[in-house]
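Here is how the chains run, residue by residue.
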Amino acid sequence: MKDVILETDELEVVYRGGDKSVRALRPLSIKLGRGESLAVVGESGCGKTTLVRAILGLQPPSSGAISLFGEDISELDKKGTIAVRRRCGFIPQDVYGGLPPGLSALDTVREPWDLLHPKNNKEAGKKYAVELMERLGLDSKNLGNRKVKKGLSGGQRQRIAVARALINDPELLLADEPTSMQDISTRNKVIRLLQERVDRGMSLIFVTHDLLLARSIARKTAIFFGGSLCETGNSDDIVSEQIHPYTKALYGAMPRLNEKMVLRTSKDRTPSPTGCPFRKGCPEAMYVCEKTPPMKYMGDGRMVACWRTGN
Ligand SMILES: Nc1ncnc2c1ncn2[C@@H]1O[C@H](COP(=O)(O)OP(=O)(O)OP(=O)(O)O)[C@@H](O)[C@H]1O
């Protein structure tokens, strides 16, 4: 891969509290190149947000390493960390706690610009903020002066968060469910804007629960269960043929007309702490699944962590 922007090497995150611990991410090795887009897909609690927070240095890994723009983030001093973060944009999942509450909508979008650019360039920042708001269907004249905390709906706040994350033209954007509060029309506006940026060379990590949304935005998809990467490959290939039993279940549970959405797995699919995390819920589990399955390379970027694959 040319020009690797992001790399994780056996990255693991364990949350410890009292006598309980949660393996939120199990040893994970992924790479993302410049201009590449990766959707991180899985159900609630599978570790998606933890991954994004770890990449941004907001959650220290329990083991393993993360490198951004060729630098191991654990070895950076404060100045180095700030420099790396400035090359990244972040759309938080929580647009209530994740935005500065006291600012107006327009100032929320332009604030990161003002921090990076000389004072005499403020007008350019304002113009760019207005342009981004309008692109996202936010009437800047009407909404621009309203306080984010009081005057905007959840969906409007989320689009403000998108505009704020893009205003400094990040090289890497980490977007944590950035369309979860949008209707179809505003969702398409967000997707089109992100796609345009990717076409211009931005790298993208896009977190979602939705396999089809993943395919519409990202060339590659990674499916997670219980903190583990089950399967990854080209998004089109994953939607047309699922290999890992969990990906099959996830695909089978996609909403269809006149059908109830059901994830067809065993009733108890609590992630197993050792071995394959999906083995309790897996309709195809075998004895060997008590051991951690190796990642098998299937060609064309497809990788699957399942003992049944290739046998
Ligand atoms: N601060 C924390 N302390 C303890 N456990 C945590 C903490 N944050 C997350 N977890 C646990 O780690 C696991 C992964 O959580 P994470 O938020 O990364 O999942 P997610 O896939 O982003 O979920 P969602 O789609 O609901 O946002 C879950 O079991 C969660 O309960």
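As a starting point, this report considers the structure included with it. Nothing here was measured: the structure is a model prediction, and the numbers come from that model. (Residues numbered from 1 in each chain as written. Predicted model: local features only at pLDDT ≥ 70, side-chain atom pairs only at ≥ 80, totals over all residues. Heavy atoms only, no water.)

**Observations concerning the pairing of strand 4 (residues 63-68)**
Note the cut-off: Strands were regarded as paired on the criterion that DSSP finds at least two bridges between them. Elements are defined by DSSP. Helices are runs of H or I of four residues or more, strands are runs of E of two residues or more, and each kind is numbered from the N terminus.
Two elements, strand 1 (residues 4-17) and strand 4, share 5 bridges in a ladder whose sense is antiparallel. Pairing of Leu6 across the sheet is with Leu68, part of strand 4. Here strand 4 runs beside strand 5 (residues 71-72); their pairing, made up of 2 bridges, is antiparallel. Bridged to Leu68 within strand 5 is Glu71.

**Describing the packing of aromatic side chains**
For the record, the criterion: Classification of ring pairs rests on two measures: the distance between centres of Phe, Tyr or Trp rings, Trp counted by its six-membered ring, which must be within 6.5 Å, and the angle between planes, read as stacked under 30 degrees, edge-to-face over 60 and tilted in between.
Per the stated rule, a full pass over the model turns up 4 aromatic pairs. Between Phe225 and Phe278 the ring centres are 5.0 Å apart and the planes differ by 70 degrees, which places this aromatic pair in the edge-to-face class. Residue Phe225 is located in strand 9 (residues 220-225), and its partner Phe278 is located in the loop between helix 11 (245-252) and strand 11 (296-299); the two are separated by 53 residues in the primary sequence. On the basis of an interplanar angle of 70 degrees and a centroid distance of 5.2 Å, the ring pair of Tyr246 and Phe278 is categorised as edge-to-face. Of the two residues, Tyr246 is situated in helix 11 and Phe278 in the loop between helix 11 and strand 11; the sequence distance between them amounts to 32 residues.

**What about the site of the ligand?**
Worth spelling out the cut-off: Note on definitions. A residue lies near a molecule or strand when any single heavy atom of the residue is within 4 Å of it. A 3.5 Å cut-off defines polar contacts: any pair of N or O atoms within that distance qualifies, except that in protein one atom must be a possible hydrogen donor and the other a possible acceptor, and neighbouring residues in sequence count only when both atoms are side-chain atoms. Accessible areas in this description were obtained via Shrake-Rupley with a 1.4 Å probe; residue shielding takes into account the shown protein chains only.
Around the ligand sit 14 residues, and of these Ser44, Gly45, Lys48, Thr49 and Thr50 come closest. Within the contact set of the ligand, an oxygen atom lies 3.1 Å away from a backbone nitrogen or oxygen of Cys46. The side chain of Gln93 places a nitrogen or oxygen atom 2.9 Å from an oxygen atom of the ligand. Taking 640 Å² as the accessible area of the ligand by itself, protein coverage stands at 61%. Among the elements of the structure, strand 2 (20-33) and helix 1 (48-55) are those that each provide at least two residues to the shell around the ligand. Looking at which element gives the most residues to the shell around the ligand, the answer is helix 1, with 3 residues.

**Some points on the packing of helix 3 (residues 105-116) against helix 7 (residues 154-166)**
Worth spelling out the cut-off: Interaxial angles span 0 to 180 degrees and are taken between N-to-C directions of axes, which are lines fitted to C-alpha atoms, for helices over the stretch in contact. Reported orientations rely on four angle classes, namely roughly parallel under 35 degrees, roughly antiparallel over 145, roughly perpendicular from 65 to 115, and oblique for the rest. For any helix crossing, the convention is left-handed if the near helix is rotated counterclockwise from the far helix by under a right angle, and right-handed if that rotation is clockwise. In what follows, residue pairs with any heavy atoms lying within 4.5 Å of each other are defined as contacts. Residue classes follow a fixed rule: Ala, Val, Leu, Ile, Met, Phe, Trp, Tyr, Cys and Pro count as nonpolar, while Asp, Glu, Lys and Arg count as charged, and any other residue, Gly among them, counts as polar.
The contact between helix 3 and helix 7 brings their axes to 7 Å, and the two run at 25 degrees. It follows from the interaxial angle that helix 3 and helix 7 lie roughly parallel. Handedness of the crossing formed by helix 3 with helix 7: right-handed. Between helix 3 and helix 7, the contacting residues are Ala105, Thr108, Val109, Glu111 and Pro112 on the first element and Ile160, Ala163 and Arg164 on the second. Residues of the contact of helix 3 with helix 7, tallied by class, amount to 5 nonpolar, 1 polar and 2 charged.

**Some thoughts on the sheet that holds strand 3 (residues 37-41)**
Taken together, 8 strands build an open sheet; the order of strands is 6-7-8-3-9-10-12-11 and the sheet is mixed. Each edge of the sheet is formed by a strand with only one pairing partner; in this case those strands are strand 6 (88-91) and strand 11. Strand-to-strand, the axes of this sheet are offset by a mean angle of 20 degrees, without reference to chain direction.

Structural measurements only, silent on function.
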